[in-house]
Amino acid sequence: MTPPTGSELAVPDGFLMGAATSAHQVEGNNTASDWWALEHTPGTFVAEPSGDAADSYHRWPEDMDLLSELGFNAYRFSVEWARIEPEPGRISRAALAHYRSMVRGAVERGLTPLVTLHHFTSPRWFSDRGGWHHGDAPEAFAAYTRTALEAVGEGVEQVATINEPNMLSLMYALRRLASEYGWQALGAGRESGAAAFDPARVEPDAVVTAALTEAHRRAGALLREAGLKAGWTIANQVYQAEPGAEEAAAAYAHPREDVFLEAARDDDWVGVQAYTRHRVGPDGPLPVPEGAPTTLTGWEVYPDALAEAVTHTVGTVGAHVPVIVTENGIATGDDTRRIAYTHRALASLARLIEQGADVRGYFHWSALDNYEWGTFKPTFGLIGVDPVTFARTPKPSARWLGALARAGRLPLVPPAAAC
Ligand code: BGC
């Protein structure tokens, strides 16, 4: 291995460099889940159902082969509660065996598995009885965690309990409004001024936030008892106060993000997931600045979000909890932009590591083009997937990032080209 040049940083020992997926977004046919039910309910925001997704339920060996051949040393994926417990208390031994094989398969290929227990989807039975509003929800999640340990108890070091609890809690609040006023009221038709609610002004559901926090605490204790390192992965929105709006921005950010970061203070690690920034003025959230470049999800292209999110996380959680970047990426059909965005994000992350930030890994979102919660259109993948044959094609970004992972380096200098 040649030593890094002055424009690169050698990553700390044991640094994880990989890519991430979630079960529902790549597996296909997750029919016992609440998302599958939502996708087949008329009149929602869902443009198309997940169907076969990327067929990773069957093609995971190929996905892992590719990631390891590309040079990555880690893979973040999730196990699906709806498959493991399709009916209350009825455990699918086949699903547990499937995920055990995935863990083993990752380890055999030199990929450290980072496993998420809950990535937005729950079993349909769980949601039908009230989901995270049901008084028993944390207990049901604890029981699922105990069961899932049969699949992830060996070969896995880090487990994420719940992915983006802040987005999940917000989704509950949005669904409640939609059930009262219809999805149209939440934005469809916003251009014509017909929306009654601006989703950016809707607050996460406080009951759900409390239930998720309790579920995380209990699951974390179970995982730790089993010798695993537990954390959760927060959507870091990089709230930026306009001058004079500091207080308004802090009040806006607290229920949407900081309350979840505060709940990570006793964790073994915390997951940072950052894509873009959100500006907040004295009267609340502001739109993307006029003329700013945007991605296929309509988000501002803002690669510095990653370092800003890590800094905010360390400031809120405390420097005693190590950070793992569990998601960062860009939805674009232009892979050159993906490389430029990621290069810039990594360069600012590398500066923080150089200054002493305890960052233990970086997972790009996503390993594969996948189902982006209602549509396949926004492509986040390092690897393209043919929707008919499911053939995988690594993009140049996959080779570029994989080569950095293999060399154990991060760029310290941002790219010359704009993102
Ligand atoms: C989620 C992913 C999602 C990605 C891009 C995160 O909110 O964890 O499931 O696909 O961001 O939107």
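Residues numbered from 1 in each chain as written. Predicted model: local features only at pLDDT ≥ 70, side-chain atom pairs only at ≥ 80, totals over all residues. Heavy atoms only, no water.

Asks: Residues and numbers for the site of the ligand, please.
Replies: Taken together, the neighbourhood of the ligand is formed by 13 residues, with Gln 25, His 119, Glu 164, Glu 327 and Glu 372 sitting nearest. One of the side-chain nitrogen or oxygen atoms of Gln 25 is found 2.7 Å away from an oxygen atom of the ligand. One of the side-chain N or O atoms of Asn 163 is found 2.9 Å from an oxygen atom in the ligand. For the ligand, whose unbound accessible area comes to 310 Å², protein coverage reaches 93%. Residue composition of the shell around the ligand, by class: 6 nonpolar, 4 polar and 3 charged. (Near = heavy atom within 4 Å. Polar contact = N/O pair within 3.5 Å; in protein donor to acceptor, adjacent residues only side chain to side chain. Areas by Shrake-Rupley, 256 points an atom, 1.4 Å probe, with all protein chains shown as cover. Nonpolar A, V, L, I, M, F, W, Y, C, P; charged D, E, K, R; others polar.)

Asks: Could you give an account of the environment of Gln 240, with specific residues and numbers?
Replies: Relative to the helices and strands, Gln 240 is located in strand 7 (residues 239-241). Taking the C-alpha atoms as reference points, Gln 240 and Arg 344, separated by 104 residues in sequence, lie 19 Å from one another. In this structure, Gln 240 is in contact with Arg 277, His 278, Arg 279, Val 280, Tyr 302 and Glu 308, ignoring residues within four places of it in sequence. Of note is the side chain of Gln 240, whose polar atom sits 2.9 Å from the side chain of Glu 308. (Helix = DSSP H or I, 4+ residues; strand = E, 2+ residues; numbered from the N terminus. Contact = heavy atoms within 4.5 Å.)

Asks: Go over the packing of helix 8 (residues 165-181) against helix 10 (residues 246-262), please, and point to the residues and values.
Replies: Helix 10 packs onto helix 8 with a crossing angle of 140 degrees between their chain directions and a minimal axis gap of 9 Å. Of the possible angle classes, the one that applies to helix 8 and helix 10 is oblique. Our pair here, helix 8 against helix 10, has a crossing hand that is right-handed. Here Pro 165, Asn 166 and Ser 169 of helix 8 come into contact with helix 10, specifically with Arg 256, Glu 257 and Phe 260. A class-by-class count of the residues in the contact of helix 8 with helix 10 yields 2 nonpolar, 2 polar and 2 charged. (Axes fitted to C-alpha atoms, helices over the stretch in contact; angles between N-to-C directions. Parallel < 35°, antiparallel > 145°, perpendicular 65-115°, else oblique. Left-handed = near helix turned anticlockwise from the far one by under 90°.)

Asks: Outline the nonpolar core, listing residues and values.
Replies: Of all hydrophobic cores here, the largest spans 98 residues; its most connected members are Trp 132, Phe 141, Val 152, Leu 306, Val 310 and Leu 349. It is helix 7 (residues 137-152) that provides the largest number of residues to this core, a total of 8 residues. Ignoring any residue separated from it by four or fewer positions in sequence, one finds Val 310 in contact with Val 272, Val 323, Val 325, Leu 349, Leu 352 and Val 359. (Core = buried A, V, L, I, M, F, W, Y, C linked by side-chain atoms within 4.5 Å. Buried < 20%, exposed > 50% of the residue type's maximum accessible area, 1.4 Å probe, protein only.)

Asks: Go over the packing of aromatic side chains with me, naming the residues and quoting the values.
Replies: If you walk through the whole model with that rule in mind, you get 21 aromatic pairs. Arranged with centres 4.9 Å apart and planes meeting at 70 degrees, the rings of Phe 45 and Trp 183 form a pair that is edge-to-face. Highlighted residues: Phe 45 in the loop between helix 2 (34-39) and helix 3 (56-70) and Trp 183 in the loop between helix 8 and helix 9 (206-225), separated in sequence by 138 residues. Measuring from centroid to centroid gives 5.7 Å for Trp 81 and Phe 141, while their planes differ by 70 degrees, and the two rings are edge-to-face. Taken together, the residues Trp 81 in helix 4 (residues 81-84) and Phe 141 in helix 7 connect sequence positions 60 residues apart. A relative accessible area of 1% means that Trp 81 is categorised as buried. Here the aromatic residues Trp 81, Trp 125, Phe 126, Trp 132, Phe 141 and Tyr 144 are joined through ring pairs into a cluster of three or more. The ring of Tyr 57 has Arg 83 lying over it, and the distance from NZ or CZ to the ring centre is 4.1 Å. The side chain of Arg 256 reaches across the aromatic face of Tyr 252, ending 3.7 Å from its centre. (Phe/Tyr/Trp six-rings, centres within 6.5 Å; stacked < 30°, edge-to-face > 60°. Lys NZ or Arg CZ within 6 Å of the ring centre and 35° of its normal.)

Asks: Describe helix 11 (residues 305-317), and please don't skip the residues or the numbers.
Replies: For helix 11, which comprises 13 residues, the first-to-last C-alpha distance of 18 Å matches the rise-based estimate of 18 Å (1.5 Å per residue) to within 8%. Here helix 11 has its buried residues at Ala 305, Leu 306, Ala 307, Ala 309, Val 310, Thr 313, Thr 316 and Val 317. On its buried side, helix 11 packs onto helix 10, strand 8 (270-273), strand 11 (323-327), helix 12 (335-354) and strand 12 (359-365). Positive phi shows up at Gly 318, right after helix 11, with a value of about 115 degrees. (Expected span 1.5 Å × (residues − 1).)

Read these as spatial facts, not as claims about activity.
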